[in-house]
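Given next are the chains, with one letter for each unit.
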Amino acid sequence: MASIMKYETDNGEITLSKDIVKRYLVSGQADRVTDQEIVMFMQMCKYQNLNPFLREAYLIKFGNAPATMVTGKDTFVKRASKSKLCTGYEAGVIV
């Protein structure tokens, strides 16, 4: 895999590298994240057109457990609102 990955999102071009992910985008223990986990995260972001700088995706690492890759809630809301099938939604406490 190339050391730098570029791809387009709805918010413009994203440039990711292992170093960028490790320094700025890992939540938790960045020193424990493996290269394989970083590459998987970068690929997930690319194929799903996610912008991790806008917190559309998270790479979370604690201890020796495998890293967790999470898609942000707002990403699902944005994608749903773009669908013709979405006629709106309600949130909060409805009485």
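Read on for an overview of the structure.

Criteria and thresholds
Residues numbered from 1 in each chain as written. Predicted model: local features only at pLDDT ≥ 70, side-chain atom pairs only at ≥ 80, totals over all residues. Heavy atoms only, no water. Pairing = 2+ DSSP bridges. Helix = DSSP H or I, 4+ residues; strand = E, 2+ residues; numbered from the N terminus. Axes fitted to C-alpha atoms, helices over the stretch in contact; angles between N-to-C directions. Contact = heavy atoms within 4.5 Å. Buried < 20%, exposed > 50% of the residue type's maximum accessible area, 1.4 Å probe, protein only. Salt bridge = Lys/Arg side-chain N within 4 Å of Asp/Glu carboxyl O.

**Quick word on the sheet that holds strand S3 (residues 26-28)**
A sheet is described by the order of its strands in space; here three strands give the open sequence S3-S4-S5, paired in mixed fashion. Because the sheet does not close on itself, it has two edges, and the strands there are S3 and strand S5 (68-71). The mean inter-strand angle of the sheet, taken between neighbouring strand axes irrespective of direction, is 35°. Against the sheet, helix H1 (residues 18-25) engages S3 and strand S4 (57-61), with an angle of about 40° to S3. Seen against the sheet, helix H2 (residues 35-48) touches S4 and S5 and runs at an angle of roughly 165° to S4.

**Let's talk about the environment of Ala57**
In this fold, Ala57 is placed in strand S4. Look at Ala57 and you get buried, because its relative accessible area is 1%. With 15 residues separating them along the chain, Ala57 and Gly72 place their C-alpha atoms 5.4 Å apart. In contact with Ala57, other than residues within four places in its own chain, are Phe41, Met44, Cys45, Leu50, Asn51, Pro52, Val70, Thr71 and Gly72.

**Notes on the pairing of S5**
Moving residue by residue along a regular strand, the side chains alternate between the two faces of the sheet. With four bridges joining them, S4 and S5 adopt antiparallel strand pairing. Opposite Tyr58, over in S5, you have Val70 as the bridge partner. Between S4 and S5, which pair antiparallel in sequence order, lie six residues; one of them, Gly63, sits at a positive phi of approximately 60°.

**A word on the pattern of salt bridges**
Within the structure shown, the criterion is met by six salt bridges. The salt bridge partner of Lys78 is Glu56, with a shortest N-O separation of 2.9 Å. Taken as a pair, Lys78 in helix H3 (residues 73-82) and Glu56 in the loop between H2 and S4 lie far apart in primary sequence, 22 residues in all. For Glu56, a relative accessible area of 8% translates into the label buried.

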